[in-house]
Amino acid sequence: MNDRHREAFREEAQELLGELESSLLELEGKPGDVDLVGRVFRAMHTIKGSGAMFGFDDVAAFTHDVETIYDKVRNGELTIDRRLIDLTLSACDEIRRMINHSGESTAADLDRVAGLVKGFREYLQAGGKPDASPPAVAPSAEADAQSVTLRIRFKPLPGLFNTGTNPMLLLNELRDLGTCTVVAQTEQIPPLESMDPESCYTWWDILLTTEQGVNAVRDVFIFVEDDCELKIEPVDSGTAIEVEDSGYKKLGEILAEKGDLAPQALQEVLGRQRKVGELLVDAGLVTPEKVQSALAEQAHVREVRQKRATAESAASIRVPAEKLDSLVNMVGELVTVQSRLSQLANRINDLALLQLSEEVERLIAGLRDDTMSIRMLPIGTTFSRFQRLVRDLSGELGKQIVLETEGAETELDKTVIEKLSDPLVHLIRNCIDHGIETPEKRRAQGKPEQGVIHLAAEHSGANVFIRIADDGAGLNPGAIREKAVERGLISPDAALSDKELFNLIFAPGFSTARTVTSVSGRGVGMDVVKRAIDALQGTVDITSEPNVGTTITLKLPLTLAIIDGLLVRIDDQHFILPLSSIEECIELTRADVERAHGKRLATIRGEIVPYIRLRDEFRMPGKGPDIEQIVTAKLDGHRVGFVVDEVVGGHQTVIKSLGRAYRNVAEVSGATILGDGRVALILDLPKLVQTAERTEKRSVPTGVV
Amino acid sequence: MSKTIMTVDDSASVRQMVAFTLKDAGYAVLEAVDGKDALGRLAGAGVDMVITDLNMPNMDGISLIRALREKPEFKFIPIVMLTTESQAEKKMEGKSAGATGWIVKPFKPEQLIAVVKKVLG
């Protein structure tokens, strides 16, 4: 509330209170003086009204009763006595205090106020019915944003202008509420000689399509309700859709189509046909303006219905999933063929063909993107399932857990979402069962009794990250280690980092739960989860801190079927590197290699980048060219280079699975068919790095990677 | 040319708030402390709209409205009364005296502007 206004009010109130007190003292001596009573009443009235406006609600509430009493005195319903004057003077003190020390009322203050109010109330009860002020009319919140078309007839009485009302302004207000068609009805305007310029003879028929509801329309006429005839009727409920003239063709159309009637003759006769409206006007049954009004209504509603029809049909269509899959497949094949077309065009080097091929490439890229996006659904629907799960499960186990979600609008491919559902359920069950402690345990650790599971999804590059974090007990590296040794997964003296220990929980048959609960702990869960994520070409990562919590991060590619890749060549073999992680390609000369003295490190713009020589990695014969290409990629926050003979260019590929035989070759995620029919292997860069690191470790004890 | 509105109220703080709000919205404002004062000031000046309190000394709001409507230059201008909740009958009286509309106290600045837009444009 504006402070200057409050200050202004304070000043004014001081004056008023001063006047009030002197009036009261005078009134004591002259109880019948109507003027004095009026003054007291007015002062109270002003203090109350202005007090409320400037935020002094306690003053307003308190003064209400006093004002009422003096109103009754004014009307002769109450008489002034000594006690009333005392009460009122004390009231003035209170009001002064409330205004000067706003918001600082002590208990003693409130008691005093209550006492005064009680005293005043006695006068009110004695004097008659307590003042029932009409409750403030709160505007009813229009819940429906549904569109409705109303037929409004606004017929002002001739004396409308005498209240200073301008009907044009009212019509403008209606126009602001939606789509409006206004037809003025002027039939009652008398000729100039007999017209009274100060009277209103015009009335209006209005068609209004609005989403604000009937009450908003009534509000427009709130000041003139008594000065006009107002009719508001809905004419179109908001769901009816215009259907093309149902019923078969018209008589004339059929005759013309059959050749029995020449089209021009039909037109001519129709032209002579008189319209219903004309006929009615001629017959004196209806005024021309009323016809115009009705026609306007027809046109208005028809337009509204047509708009609605297009809008609704554009909303959504249900499609069987197989149709979509088939479409995606075909788009994939199209991508391959387009790639071959591009290659051919390049080889033939015909300008016209090249331009055409480029256009095809552009269109197919768009088609691919659109098709892929059709399959994308927000993950939110999956998330909402989990709320119920968390609630029921935590209740069962006597724990208090709340599930927070973030990024529900993140979209994933439909199949990915389906395949993720079970793994996510299991991970969450794990959090609830093993992760989050009982309320007592949590209290003992100084944690809030209610545990939190935070489920988040977000896009990053060509991947989706799904995080499941809990603020529970965290993983116990010691217990995991024990179990792993017990199960023979690691040797007793193996040195493993915490992170490596955590990853062991994904090994088949592993479970550290002391007792196997009905919920989980059977030891089949985590490895199934890992396999499911692997199948989706994703990765799982765990971080955990004892007593603080655990976070599991799933990284999944956005789409399974088609990826953008970089086509590279080593000798006559081609490979595809997924474009999403790739940063740049630079030359790597023999000199650069030698400079590094045997370590596979390159210096790129001052930064040392380790690299993998794919020729060596794949044990391909031959030395390779003097000048090779190093392709750098950002993987897991680290920059790594991959050395090839030549970088051919970008290449959209449809990922074809290599088949079961090659399932265990982690470094190759699939293959694709090139334009000339040859096969190129698609490399999994992170896996390549992992393998290379392991080889390094084994061969060079102090190896730098 | 901006429109001119006269605010009539015996409470200085209300007058100030109304004037401030209206000026902020681009209107020119004249002030008067009661009905008699208002008529006096209006004698020379033209005004496009009047906002008046009802309870005022010397000449109250209803009388002012009646007086204004009798003058040809003010017969058709919008006149809005400031009422309190408990004065439903006053609304009727005001309307028959020729008031265009009303605003219930306490009101927020936005409500004032909304009503001015409604009756004055």
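Residues numbered from 1 in each chain as written. Chains lettered and ligands numbered in written order. Predicted model: local features only at pLDDT ≥ 70, side-chain atom pairs only at ≥ 80, totals over all residues. Heavy atoms only, no water.

## Notes on the overall build of chain A
What chain A contains, in helices and strands, is 22 helices and 21 strands. Burial status across chain A gives 41% buried among its 705 residues. Per element, the accessible surface of chain A, about 39200 Å² overall, is 53% carbon and sulfur. (Helix = DSSP H or I, 4+ residues; strand = E, 2+ residues; numbered from the N terminus. Buried < 20%, exposed > 50% of the residue type's maximum accessible area, 1.4 Å probe, protein only. Areas by Shrake-Rupley, 256 points an atom, 1.4 Å probe, with all protein chains shown as cover.)

## Digging into the overall build of chain B
Helix and strand content of chain B: five helices and five strands. Burial status across chain B gives 55% buried among its 121 residues. For chain B, long-range pairs separated by at least 24 residues make up 62% of all intrachain contacts whose partners lie at least 6 apart in sequence. Accessible surface, chain B: about 4900 Å² in total, of which carbon and sulfur atoms supply 53%. (Contact = heavy atoms within 4.5 Å.)

## Some details on the interface of chain A and chain B
In this assembly, 35 residues from chain A lie in contact with 34 residues from chain B. Summing both partners gives a buried area of about 2900 Å² for chain A against chain B, and 59% of it is carried by carbon and sulfur. When the buried surface of chain A facing chain B is broken down by residue, H45, M53 and F223 of chain A rank first, second and third, together holding 25% of it. The interface formed by chain A and chain B includes three salt bridges. K118 of chain B serves as the salt-bridge partner of E173 of chain A, at 2.9 Å between the closest nitrogen and oxygen. Between the two partners, chain A and chain B, sit 14 residue pairs in polar contact (both at pLDDT 80 or more). Breaking the side of chain A that touches chain B down by element, the ones donating at least two residues are α1 (3–29), α2 (34–53), α6 (167–175) and α7 (214–220) of chain A. The biggest single contributor to the side of chain A that touches chain B is α2 of chain A, with eight residues. For the side of chain A that touches chain B, the class distribution of residues is 16 nonpolar, ten polar and nine charged. (Buried area = accessible area lost by both parts, 1.4 Å probe. Salt bridge = Lys/Arg side-chain N within 4 Å of Asp/Glu carboxyl O. Polar contact = N/O pair within 3.5 Å; in protein donor to acceptor, adjacent residues only side chain to side chain. Nonpolar A, V, L, I, M, F, W, Y, C, P; charged D, E, K, R; others polar.)

## Notes on the sheet that holds strand β18 (residues 638–644) of chain A
Residue and element names in this part refer to chain A. Across the sheet, which stays open at both edges, the five strands sit in the order β14-β17-β18-β16-β15 with mixed pairing between neighbours. The open sheet has two free edges, formed respectively by β14 (582–588) and β15 (601–604), since each of these has just one partner strand. Neighbouring strand axes in the sheet, compared pairwise and without regard to direction, differ in orientation by 35° on average. Two strands pair when backbone bridges link them, and strand β16 (residues 607–613) and β18 are joined in this way by three bridges, in the parallel orientation. Note that in β18 the partner of I612 across the bridge is F642. (Pairing = 2+ DSSP bridges. Axes fitted to C-alpha atoms, helices over the stretch in contact; angles between N-to-C directions.)

## Considering the packing of aromatic side chains
Residues and elements named next belong to chain A. Counted under the stated rule, the structure contains six aromatic pairs over all chains. Look at F9 and F56: their rings are 5.2 Å apart centre to centre, the planes differ by 40°, and that puts the pair in the tilted class. Of this pair, F9 sits in helix α1 while F56 sits in the loop between α2 and α3 (57–74), and the two are 47 residues apart along the sequence. The exposure classification of F9 matches that of F56, with both residues buried. (Phe/Tyr/Trp six-rings, centres within 6.5 Å; stacked < 30°, edge-to-face > 60°.)

## Focus on the pairing of strand β17 (residues 628–635) of chain A
Each regular strand displays side chains that alternate between the two surfaces of the sheet. Residues and elements named next belong to chain A. Of all eight residues in β17, seven are buried; the element is thus mostly enclosed. Across six bridges, β14 lies against β17 in antiparallel orientation. Note on β17: the bridge partner recorded for L588 is E628. Both β17 and β18 contribute to a ladder of seven bridges, which runs antiparallel. Looking at β18, one finds that K634 is bridged to R639.

## Points about helix α17 (residues 477–486) of chain A
All names here are of chain A. Those residues of α17 lying buried are P477, A479, I480, K483 and A484. For α17, the arc enclosing every buried residue in end-on projection is 160°, short of the 170-degree limit, so these residues lie on one face. With respect to the buried face of α17, the exposed residues turned more than 90 degrees away are E482 and E486. On its buried face, α17 is in contact with α18 (498–503). Residue N476 occupies the N-cap position of α17, its side-chain oxygen lying 3.0 Å from the main-chain nitrogen of G478. At the exit of α17 stands G488, carrying a positive phi of roughly 75°. (Arc of directions from axis to C-beta.)

## Details of the confidence of the model for chain B
This prediction gives chain B a mean pLDDT of 90; 98% of its residues lie at or above 70. Predicted as a complex, the structure gets a pTM of 0.44 and an ipTM equal to 0.90. (pLDDT = per-residue confidence, 0-100.)

## Regarding the pairing of strand β3 (residues 49–53) of chain B
Residue and element names in this part refer to chain B. Burial analysis of β3 places five of its five residues in the buried class, the great majority of the element. In β3, alternate side chains face the same way, and those of M49, I51 and D53 on one face and V50 and T52 on the other are all buried. Both strand β1 (residues 4–8) and β3 contribute to a ladder of four bridges, which runs parallel. Paired with M6 across the bridge in β3 is V50.

## Some details on the pattern of salt bridges
All chains considered together, the criterion is met by 39 salt bridges over all chains. The partner of K95 of chain B in a salt bridge is D227 of chain A, and the shortest N-O contact between them spans 2.6 Å. Separated into two different chains, K95 of chain B in helix α4 (residues 88–97) and D227 of chain A in the loop between α7 and β4 (228–236) make up a pair that spans both. For the pair K95 of chain B and D227 of chain A, one class covers both residues: buried. Between D53 of chain B and K105 of chain B there is a salt bridge; the shortest N-O distance is 3.6 Å. Residue D53 of chain B is found in strand β3, and its partner K105 of chain B is found in strand β5 (residues 101–105); the two are separated by 52 residues along the sequence.

## Points about the nonpolar core
With 101 residues, the main nonpolar core has Y70 and L174 of chain A together with L22 of chain B as its most contacted residues. Setting aside residues up to four positions removed in sequence, Y70 of chain A forms contacts with L24, L27, V37, V40, F41, I80, L84 and T88 of chain A. Formed by 43 residues, the second largest nonpolar core is a distinct cluster that contains I379, I428, F506 and M526 of chain A. (Core = buried A, V, L, I, M, F, W, Y, C linked by side-chain atoms within 4.5 Å.)

## Looking at the packing of helix α12 (residues 321–348) of chain A against helix α13 (residues 351–374) of chain A
Residue and element names in this part refer to chain A. One way to put it is that α12 packs onto α13 with a least axis distance of 9 Å and a crossing angle of 160°. In terms of orientation, α12 lies roughly antiparallel with respect to α13. Seen from above, α12 lies across α13 with left-handed handedness. Together, L324, L327, V328, V331, L334, V335, Q338, L341, S342, A345, N346 and I348 of α12 and L353, L354, S357, V360, E361, I364, L367, R368, T371, M372 and I374 of α13 make up the contact between the two elements. For the contact of α12 with α13, a count of residues per class yields 16 nonpolar, five polar and two charged. (Parallel < 35°, antiparallel > 145°, perpendicular 65-115°, else oblique. Left-handed = near helix turned anticlockwise from the far one by under 90°.)

## Regarding the environment of S13 of chain B
Mapped onto the elements of the fold, S13 of chain B is located in helix α1 (residues 12–24). On the accessibility criterion, S13 of chain B (0% relative accessible area) is buried. Beyond its immediate chain neighbours, meaning those up to four positions away, S13 of chain B contacts H5, A8, F9, E12, S50 and F54 of chain A.

## Quick notes on the side chain of N55 of chain B
Relative to the helices and strands, N55 of chain B resides in the loop between β3 and α3 (61–70). Residue N55 of chain B is classed as buried on the basis of its relative accessible area of 11%. At 3.2 Å, the side chain of N55 of chain B and the side chain of H45 of chain A are in polar contact. When sequence neighbours within four positions are dropped, the list of residues in contact with N55 of chain B reads F41, R42, H45 and R74 of chain A together with D10 and Q87 of chain B.

## Regarding the sheet that holds strand β4 (residues 79–84) of chain B
Residues and elements named next belong to chain B. Pairing in this open sheet of five strands is parallel, and the strands run β2-β1-β3-β4-β5 from one edge to the other. Edge positions in the sheet fall to β2 (28–32) and β5, since each of these pairs with one other strand and no more. Averaged over all adjacent pairs, the angle separating strand axes in this sheet is 20°, with direction ignored. In terms of strand pairing, β1 meets β2 through five bridges, oriented parallel. Bridging across to β2, V8 finds its partner in A32.

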